[in-house]
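Results of the structural survey
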2 protein chains.
Amino acid sequence: MKMTPLITSAVMHFGEMGSRWGFNRTVGQILALIVLNEEPISAQEIAEALNISRGNTSMGLKELQSWRLVKQHHVPGERKEFFIPAGDIWTLANRVFEERRKREIDPTMSLLRDLLLDAPANEKEANAQHKLNEIHDLLESITAWSEELQNLGPEKLNTLMKLGSGVGRMLELKDKLLPGKNSVN
Amino acid sequence: MKMTPLITSAVMHFGEMGSRWGFNRTVGQILALIVLNEEPISAQEIAEALNISRGNTSMGLKELQSWRLVKQHHVPGERKEFFIPAGDIWTLANRVFEERRKREIDPTMSLLRDLLLDAPANEKEANAQHKLNEIHDLLESITAWSEELQNLGPEKLNTLMKLGSGVGRMLELKDKLLPGKNSVN
DNA sequence: ATAAACTTTCAGTAATTTCTGAAACTTCTG
DNA sequence: CAGAAGTTTCAGAAATTACTGAAAGTTTAT
């Protein structure tokens, strides 16, 4: 496995960004390599191309599988396992969002629910609880919304995105469109 | 500054989550403390409440200001600076999104643009470039969309979120509503 | 059942990130 | 302008996170 200059640049960059995206450098590099390589690629080849240890490679692949970004691909006649992306770019992006939501939002929601159950001990706590409640509601909206968007599927989502500022105008008319239901405010 | 048990739990949790949200433990704790405290709070008080060094507190506050999540608040007659949240919960959440977009997406967009300028050296590179292009377009859509949502402002955004599955139904009717413009598909 | 081919685990080490605290700096006050 | 009150910086220490490589584990073929 020898990487072309273009692929090398991209892989290195995804490594750098990896940590900002929720995984570490090598995991980012491995992901980029698998996505950019049209053929399935073995763990051995990955380790060689990125110049990292076989053990590290194994752990990176395990993590990518836990994120459902990469899957194994069995090549008939070959003994070793090969790896390929778990779907198209759209699917992968969705998975990253979803996975991050699980890690970044869900635990907080859960804690907030707990903290809001107790009666406030005093004025200060009552105020804090009020703030926490606001945060909880916001996170709940975000969660519901992101699930909603995922259910729309790529095409509709794309339509919605392309709609751009039309969204604002549409909202103004929504009550006429969908009378009764969801009349917030 | 003595924290009540409720506030302590919340602050500790935000500390734990901090790293997942793009900043470190103490920065997360400081933010939570400032948000949950109704009165403005001084750097000294923060350091004592969280039991961290004054230097660390200073750096944390600086970072929170660079994220535009916290601002200084001058109390007349007092010599020291106090700190308060830079806005309501909604505003803060928006700022976090925006700031993360800048750190997590923009640099990649920029690299991708560069990589797509060069002519592919061979078959392999052509394929990789095609993938990179897909990623670029996806990120571009996400960026445009998130800017759009921010321009809607909190109230409309909330309306949109609460609309839930209504979004799907509305999209089907959109051409009747907004004839001519934005007719994607 | 043995061995070859390949993968995973994990203890120890290396690299990175965060935190401290003392010194330098800034600003206000008398 | 001296010094008190407060803040920031930054070199080094501490804590955390990532990586290696050798040993243990697994699977397949014969």
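Residues numbered from 1 in each chain as written. Chains lettered and ligands numbered in written order. Predicted model: local features only at pLDDT ≥ 70, side-chain atom pairs only at ≥ 80, totals over all residues.

**Things to note about the interface of chain B and chain A**
- Taken together, the 61 residues of chain B in the interface contact 60 residues of chain A.
- Those elements giving two or more residues to the side of chain B that touches chain A turn out to be α1 (5-18), α2 (25-36), α5 (89-104), α6 (106-117), α7 (123-163) and α8 (166-177) of chain B.
- The greatest single-element share of the side of chain B that touches chain A, amounting to 22 residues, is contributed by α7 of chain B.
- Within the side of chain B that touches chain A, the residues separate by chemical class into 31 nonpolar, 15 polar and 15 charged. (Contact = placed C-beta atoms within 7 Å. Helix = DSSP H or I, 4+ residues; strand = E, 2+ residues; numbered from the N terminus. Nonpolar A, V, L, I, M, F, W, Y, C, P; charged D, E, K, R; others polar.)

**Concerning the confidence of the model for chain A**
- Overall, the predicted model of chain A reaches an average pLDDT of 89, with 94% of residues at or above 70.
- Within chain A, no element has a lower average pLDDT than helix α8 (residues 166-177) of chain A, which sits at 71, and none a higher one than helix α2 (residues 25-36) of chain A, at 98. (pLDDT = per-residue confidence, 0-100.)

**Some details on the packing of α2 of chain A against helix α4 (residues 54-66) of chain A**
All names here are of chain A.
- In contact at an axis separation of 9 Å, α2 and α4 are set at 75° when each is read in the N-to-C sense. By the angle between their directions, the pair α2 and α4 is classed as roughly perpendicular. Residues T26, V27, I30 and L31 of α2 form the contact with α4, whose participating residues are N56, T57, G60, L61, E63 and L64.
- Residue composition of the contact of α2 with α4, by class: five nonpolar, four polar and one charged. (Axes fitted to C-alpha atoms, helices over the stretch in contact; angles between N-to-C directions. Parallel < 35°, antiparallel > 145°, perpendicular 65-115°, else oblique.)

**Regarding the relation of the copies chain B and chain A**
- Expressed as a screw transformation, the operator carrying chain B onto chain A has a rotation angle of 180° and an axial translation of 0.1 Å, and the superposed copies differ by an RMSD of 0.4 Å. What we have between these two chains is a two-fold relation.
- Mapped onto chain A, 98% of the interface residues of chain B again fall at the interface, so both copies present the same surface. (Least-squares fit on C-alpha atoms with pLDDT ≥ 70 in both.)

**Some words on the domain arrangement of chain A**
- On domain assignment, one finds that chain A holds domain 1 (5-85) and domain 2 (105-162).
- Placing the centre of domain 1 of chain A and that of domain 2 of chain A at their C-alpha centroids yields a distance of 34 Å. (Domains from an automatic or database assignment.)

**Examining the sheet that holds strand β1 (residues 41-42) of chain A**
All names here are of chain A.
- If you walk across this open sheet you meet the three strands as β1-β3-β2, and the pairing is antiparallel. Edge positions in the open sheet fall to β1 and β2 (70-74), since each of these has one partner strand only.
- Of the pairings in the sheet, the one linking β1 to strand β3 (residues 81-85) comprises two bridges and is antiparallel in character. Bridging across to β3, S42 finds its partner in F82.
- Lying over the sheet, α2 contacts β1, β2 and β3, oriented at roughly 85° with respect to β3. (Pairing = 2+ DSSP bridges.)

**Details of the pairing of β3 of chain A**
All names here are of chain A.
- Sheet topology places β2 next to β3; five bridges connect them, and they run antiparallel. The residue bridging V70 from the neighbouring strand is P85, located in β3.
- Two successive antiparallel strands, β2 and β3, enclose a turn made up of six residues, where G77 displays a positive phi of approximately 90°.

**Some thoughts on the sheet that holds strand β3 (residues 81-85) of chain B**
- One open sheet holds the three strands; their spatial order is β1-β3-β2 (chain B), and the pairing between them is antiparallel. The strands lining the two open edges of the sheet, one partner per strand, are β1 (41-42) and β2 (70-74) of chain B.

**A closer look at the protein's contact with DNA strand D**
- Around DNA strand D sit 21 residues, and of these N24, S53 and G55 of chain A together with G55 and K80 of chain B come closest.
- Listed by contribution, the elements that provide at least two residues to the surface near DNA strand D are α2 and α4 of chain A together with α3 (43-50) and α4 (54-66) of chain B.
- The leading source of residues in the surface near DNA strand D is α4 of chain B, at six residues.
- In terms of residue class, the surface near DNA strand D is built from four nonpolar, ten polar and seven charged. (Near = placed C-beta within 6 Å.)

**A word on the protein's contact with DNA strand C**
- Around DNA strand C, a shell composed of 22 residues is seen, among which G55 and K80 of chain A together with N24, G55 and N56 of chain B lie nearest.
- Secondary structure elements with two or more residues in the surface near DNA strand C: α3 (43-50) and α4 of chain A together with α2 and α4 of chain B.
- In terms of residue count, α4 of chain A provides more of the surface near DNA strand C than any other element does, six residues in total.
- Of the residues in the surface near DNA strand C, the class split is four nonpolar, ten polar and eight charged.

**A short note on the environment of N122 of chain B**
Residue and element names in this part refer to chain B.
- Summarising the element assignment, N122 is placed in the loop between α6 and α7.
- On the basis of neighbour counts, which here come to 10 C-beta atoms within 10 Å, the residue N122 falls in the exposed class.
- With 76 residues separating them along the chain, N122 and I46 place their C-alpha atoms 58 Å apart. (Buried ≥ 20, exposed ≤ 12 C-beta atoms within 10 Å, placed from the backbone.)

**A few points about the packing of α2 of chain B against α3 of chain B**
Residues and elements named next belong to chain B.
- As a packed pair, α2 and α3 sit with axes 11 Å apart at the nearest point and diverge in direction by 115°. Relative to α3, the crossing made by α2 is right-handed. Mapping the contact onto sequence places T26, Q29, I30 and L33 in α2 and I46, A49 and L50 in α3.
- A breakdown of the residues in the contact of α2 with α3 according to their chemical character gives five nonpolar, two polar and no charged. (Left-handed = near helix turned anticlockwise from the far one by under 90°.)

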